[in-house]
Amino acid sequence: MNLLRDLTDLIIPPLCRVCKRRLKNDEKILCNDCYSRIRLITPPYCERCGRPLPNLDINVCNTCIVEKHPFSYVRAVSPYEGIIESLIILLKYNGKRQTSKILGGLMSKVVKMEETYRNCELIVPVPLHTTRKRERGYNQAELLGNELSSELNIPIIPDALIRTRATPSQTKLPTEHRKKNVLGAFSINKRRQELFRGKTVLLVDDVFTTGATLNECTKTLIKGKTTDVLGIVCAVAGWELYKRQETENNE
Amino acid sequence: MTRTPFLYLVISFSTGLVCGYFTNRLLFAISLLLLLLLIFIAVLLLSETRPDYKDIICIVLISCFGFFYYEGRTRIFPEEHIRYFTHIKGDLSILGDVISIPDKREDRTFFRFEVRSVMNSTDTIPMCGKVRVTLEDDVEYGNRLILYGTLNSPPSSSNPGGFDYGRWLNRQDIYVLMSPDSLVRLEGKYGKNLIIIAARIRTYIEKVIDNYVGGKQGAFLKGIIIGKRGGIPGDVQEVFRNTGVVHVLAVSGLHVGIIAFLLTLIIRLFRAPNIINIIITSTLLIIYALMIDLRPSVVRATIMCILLMISFLIRRDTDTLNTLSVAAFIILLWNPQSLFDVSFQLSFGATAGIIYLYPKVYEIIRVRGNKFIDNVVIKPFTISLSAQAGTTLLAAHYFYRLPIISLVANLLVIPLTGICIVTGLLLSFVNLLGIGILNKIFASSVYGFTTLTLNVVNMFGRVPNGHFWIGSPSPLFLILYFIILISGFNAIHNFIKWGFLGVSFRVLVYTIFISLAVVLTTGLYRVYNPEIRLTFLDVGKGNATLIEMGETVLIDGGSYHRGVPTAAELLRNKGIREISLIFLTSPLSYDIGGLSYILENFKVGCVALPFIPYGSYGYKKFLRNIKKKKIPFRFVREGDRIAAFSIMNPKGGVETNTKIKDASLVLNFNAKEINQDMEDIKTLFLGHVENNIHEMVEESDILKAPYFGGNRNPSFLEIVKPEVTVISVGSNRWGLPSEEMIEEYERYGRVIRTDRQGACVVRIGKGRMTIHTMFEEESPRERILRWTGVR
Ligand SMILES: [Zn+2]
Ligand SMILES: [Zn+2]
């Protein structure tokens, strides 16, 4: 069937999702060039929310000093910028499901490296409201969760949480409204409760901005009697604040 | 690893096809092939992705394949091909199948007929090939018939720049015409099921439109929905051409897009999985394409649509330019001659323009602040602009005009046509339900929208200076234009995006230099090789001669063809907008012909005519037009001289008692009086004179014979001694020209009849004179001069 594949490659040549360059035989979805340009978050980063920190002197970022998150730990693969941003936009708004493979793969690498994640027993994706899910055809967090699940061999419960209210998109709201927006938007799926009672749960989402969504989900899960909740996201937004501080300090 | 492997494939394949098209001399073809390949490879070497030797070998092999493929498909025929039977005079019986959905117009039906055997009184010979049949009877697709009648070769263009019906048919692999006297229908269906379904749907939609809409609107609707352009009146099509929206009449990507969209919407309601959705949509699109008789534009759109759906299914981002090239390659394999078809070129030009230029142009002129303006004004305008860039000059090559109004017209007409198509299709669906009131509602809305569309097009057609007659750009000019267009936009795009100019800029600069060199050399060539050109047009029963001698002179107005005088068509082909002098030899209708049209549509310097009182409608209209446009005119008589023309007849002033014909104009044109370097060639135009001709002639080289060749006393020939005699004539009930007269002319030299040899072009230059008739093959020199746009 090699011939058929070669012919398909001629008629419909595969292109890099981001830079639209022709993919080589060993590349999939993303070209090696774009892949290597993904900026991963390396220490130092905030030990609560995973945001990159300007220097080693502090352990916790400004937002985490002010606000305490209910989840015990969250890590992000990369800052919300460049290639990762394009991939997430493609996944969320352009219906390109395949990008979840790349993003999920990156997330699983982070999870495998971190000691903290060792005792996770279950994966739960942040849910979408049913109407939104029907529009989009899928829940991007669930796709990411599926990738993680197969990479890490941890079972996933896609419908552990239910979004009870169709809330407006978080991305368009200012920080102070976000919390109100998602307040009480989630509930436990009673039929699945037995599966996660007393377990350590890995909560999966695409972007971490203020943490409002993850906070709300964690609270709901803890109400549902889970022992502990850890989070993993593709990208963390709002780290530009630090970058600016950094440049100011340098001057 | 290129993004667009098929683009390179199609370009090299087309290079081969072009070589095959332009020549049938092997040696010349090979040198042409090598030259084109060199240019192609040079461009490739300049580009960012440097090809290795394997790619170059591939390209060469594909080009050679294209060349031989073209030869094989168009010049080599099996011995039992029906085209070898056209020379047989007399009737034949041929058996075969109807292989196209018949195109029914008022009282006649046109269809393609696949021949299976030819029968004569004794036996049946197996045969192949296609015939275009015109019939007064009704037939259906898939019928098996025996036709009885004469076979004819399709006529090729008889005037320079005219529409070549013969070539047009040859491009569809048809070399034989037939209008059978009688037919026998045989039992059984011999068609393909898919086409039978398509034929049924087509007939159904046609019936619905005839029932509910009708008239000009109905014809327009049939044109845009089922591709039946024949019913649209010529003047309406002319307005569409003037406004540059003629492409909406050709069923195209717009239609296929709309239909695919409607289909997926309907199929989605059933919540079928994607793959089933795609299979159903593709099948229906293919049926639609079959319904439109597989026109290049619709096949292109269908293939692209199916490929895009597949790429969606296998979740791949892909390059649309490659998809377009795949479509082109499939069409060219199916019929290599499509490459030279207007609709193929325009369809691919427009699509390539949108795919390639749109993102680049949009980048430059986008409005960032205002989303509304960006979406409603900038985007549609940019799309329209990019499509125009790909097609306008190509279209000018065929239609001779530059419709600048089209930039605006398209913005309105395309969405309106879209609405017409959607409502028209919905009307056909709704009619199935059989609810009378619903039918009426839809029918009136369809009627309303089509009327609106036609009125909008008409309105744009009336805008002053909406289009300019620029003449037909030469192939070389078009090639240079496209290279400059592509490399120019690439260079600007690169500069804005990356801040450097890159290879495209180099290509642009080289091409501009080459273009300047071409302009300079052609200009110099024209200056050092002045030429006077006399074109004796084939206008059937009538006369028209165009003389280009720096200025333009027209002698008589000839006849109309599809609502436009043949002479006007030629003038527009050459991009001539100004005629300095018009001679009218007599007020008879053969001579006036299209002159009124020409007076209305061209800038005319002066009119010279004999003073003959005459009361026909055409003559009165002609005189009225002269007065209305305030054109200087002059009654001429023997002894008058205008420029290089000396008038030999009529004698004296008003001669009421002589016959009109004998009072008609006799002219003598001397090339040497225009330019001393010219060959001394005298041309005598004999008007309609019948009696006493010997009194008004002198020795001449070229004779334009009087009145369809004349039929009176040939004694004047002893004085004239013409080396060449041109007879402008069409089939007529008097059987003119008579055999005897032709024999008389032939005693002195060559005789050219416009009805047998087509138009005749006499070129007088320094120390030479050449004569070329339309049905002869052009000499390589003239061909090269034409391709490069020197003449
Ligand atoms: Zn890439
Ligand atoms: Zn933090």
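Everything quoted here is computed from the prediction, not taken from an experiment. Starting from 1, residues in each chain are numbered consecutively following that chain's sequence as written. Whichever chain is written first becomes A and whichever ligand is written first becomes 1, with later ones labelled in order. Restriction of local features to residues with pLDDT of at least 70 applies here, the model being predicted, together with a cutoff of 80 or more for giving and counting side-chain atom pairs; totals for whole chains, interfaces and linings are based on all residues.

Caption draft 1: Quick look at the sheet that holds strand 26 (residues 702–704) of chain B. Residue and element names in this part refer to chain B. Pairing between strands is defined by DSSP: at least two bridges between the two strands are required. Helix and strand definitions follow DSSP, with helices as H or I runs of at least four residues and strands as E runs of at least two, each counted in order from the N terminus. Read from one edge of the open sheet, seven strands run 22-23-24-25-26-27-28, paired in mixed fashion. What marks the edges here is a single partner per strand, and that holds for strand 22 (641–642) and strand 28 (750–753). Direction of pairing for strand 24 (residues 666–670) relative to strand 25 (residues 682–685): antiparallel, over a ladder of four bridges. Counterpart to Leu667 in the pairing with strand 25 is Phe685.

Caption draft 2: Representation of the pairing of strand 5 (residues 130–135) of chain B. All names here are of chain B. When strand 3 (residues 108–119) meets strand 5, the two strands line up antiparallel, connected through six bridges. Of the residues in strand 5, the one forming a bridge with Thr109 is Leu135. In this sheet, strand 8 (residues 174–178) lies alongside strand 5 in parallel orientation, the contact comprising four bridges. Residue Lys130 lies in a different strand from strand 8, and its bridge partner there is Ile174.

Caption draft 3: The arrangement of the nonpolar core in detail. All names here are of chain B. In these notes, a nonpolar core means any group of buried Ala, Val, Leu, Ile, Met, Phe, Trp, Tyr and Cys residues linked to one another through C-beta atoms within 7 Å. Here a residue counts as buried when 20 or more other C-beta atoms fall within 10 Å of its C-beta, as exposed when 12 or fewer do, and as partly exposed in between; the C-beta atoms come from the backbone. By size, the foremost hydrophobic cluster in this structure holds 99 residues, and its most contacted members are Leu221 and Leu285. Take this core: its biggest share by element is nine residues, from helix 1 (residues 5–22). This entry defines residue contacts through backbone-placed C-beta atoms, with two residues in contact when those atoms are within 7 Å. Leave out the neighbours within four places in its chain, and Leu285 touches Val256, Ile259, Ala260, Thr302, Cys305 and Ile306. Ile582, Leu595, Phe685 and Val724 belong to the second largest nonpolar core, which has 73 residues in total.

Caption draft 4: Main features of the packing of helix 7 (residues 234–242) of chain B against helix 15 (residues 436–462) of chain B. Residues and elements named next belong to chain B. The contact between helix 7 and helix 15 brings their axes to 9 Å, and the two run at 65°. Considering only the axes of helix 7 and helix 15, their crossing is left-handed. Two secondary-structure elements touch here, helix 7 through Val239, Phe240 and Asn242 and helix 15 through Val457, Asn458 and Gly461. Residue composition of the contact of helix 7 with helix 15, grouped by class: three nonpolar, three polar and no charged. Only the contacting stretch of a helix is used when fitting its axis, a line to C-alpha atoms as for every element, and angles between N-to-C directions run 0 to 180 degrees. Crossing handedness is read from the near helix: turned anticlockwise from the far helix by less than a right angle, it gives a left-handed crossing, and turned clockwise, a right-handed one. Under this grouping Gly is polar, as are all residues other than the nonpolar Ala, Val, Leu, Ile, Met, Phe, Trp, Tyr, Cys and Pro and the charged Asp, Glu, Lys and Arg.

Caption draft 5: Seen up close, the environment of A:Ala76. All names here are of chain A. With respect to the element layout, Ala76 can be found in strand 1 (residues 73–79). On the basis of neighbour count, Ala76 is assigned to the buried category, with 28 C-beta atoms found within 10 Å. Each C-alpha atom, one on Ala76 and one on Asp205, is 9.8 Å from the other, the two residues being 129 residues apart in sequence. The contact partners of Ala76, leaving out residues within four places of it in the chain, are Ile41, Gly50, Phe208, Val233, Cys234, Ala235 and Val236.

Caption draft 6: Looking closely at the domain arrangement of chain B. Residue and element names in this part refer to chain B. Once the domains are mapped, chain B shows domain 1 (5–74), domain 2 (82–191), domain 3 (196–469), domain 4 (475–528) and domain 5 (532–787). Segmentation of the chain into domains, including their bounds, is taken from an automatic or database domain assignment. When each unit is reduced to the centre of its C-alpha atoms, the spacing between domain 2 and domain 5 is 38 Å. Contacts between the two partners involve seven residues from domain 2, matched on the other side by twelve residues from domain 5. Partitioned by chemical class, the residues of the side of domain 2 that touches domain 5 number one nonpolar, six polar and no charged.

Caption draft 7: Fine view of the confidence of the model for chain B. Looking at chain B as a whole, the pLDDT averages 85, with 97% of positions reaching at least 70. Confidence of the predictor at the level of single residues is given by pLDDT, which spans 0 to 100. Averaged pLDDT values for the elements of chain B fall to 71 in helix 2 (residues 26–46) of chain B and rise to 94 in helix 11 (residues 320–334) of chain B.

Caption draft 8: Structural detail: helix 9 (residues 274–291) of chain B. Residue and element names in this part refer to chain B. Here helix 9 is 18 residues long and its end C-alpha atoms lie 25 Å apart, about the 26 Å a rise of 1.5 Å per residue gives. Within the sequence span of helix 9, burial applies to Thr281, Leu285, Tyr288, Ala289, Leu290 and Met291. After helix 9 finishes, the residue Asp293 shows a positive phi value of roughly 65°. The span you would expect from a helix comes to 1.5 Å times its residue count less one.

Caption draft 9: Spotlight on the sheet that holds strand 6 (residues 228–236) of chain A. All names here are of chain A. Read across the sheet, four strands follow the order 1-6-5-2 without closing on themselves; strand pairing throughout is parallel. In the strand order of this sheet, the two ends are held by strand 1 and strand 2 (122–125), each with one partner. The sheet shows a mean angle of 20° between the axes of neighbouring strands, direction not considered. Here strand 5 (residues 200–208) runs beside strand 6; their pairing, made up of eight bridges, is parallel. Considered in strand 6, the bridge of Phe208 is made with Val236. The strands that helix 7 (residues 140–152) touches are strand 2, strand 5 and strand 6; relative to strand 5, the one it contacts most, it runs at about 130°. In the packing of helix 10 (residues 212–223) onto the sheet, the strands contacted are strand 1, strand 2, strand 5 and strand 6, and the crossing angle to strand 5 comes to about 160°.

Caption draft 10: Examining the environment of B:Arg533 more closely. Residues and elements named next belong to chain B. Inspection of the secondary structure puts Arg533 in strand 12 (residues 532–536). Look at Arg533 and you get partly exposed, because 16 C-beta atoms sit within 10 Å. A C-alpha to C-alpha distance of 42 Å links Arg533 and Tyr356, two positions 177 residues apart in sequence. Residues contacting Arg533, with those up to four places away along its chain left out, are Glu548, Val761 and Arg763.

Caption draft 11: Region of interest: helix 4 (residues 82–93) of chain A. Residues and elements named next belong to chain A. Spanning twelve residues, helix 4 covers 16 Å between terminal C-alpha atoms, matching the ideal 16 Å at 1.5 Å per step. Listed in full, the buried residues belonging to helix 4 are Ile83, Ile84, Leu87, Ile88, Leu90 and Leu91. Within helix 4, the buried residues cover an arc of 160° as seen down the axis, which keeps them to one side. On its buried face, helix 4 sits against helix 2 (32–36), strand 1, helix 5 (99–113), helix 7, strand 5 and strand 6. At the C-terminal side of helix 4, Gly95 shows a positive phi close to 65°. Note that the arc is defined by the directions from the helix axis to the C-beta atoms.

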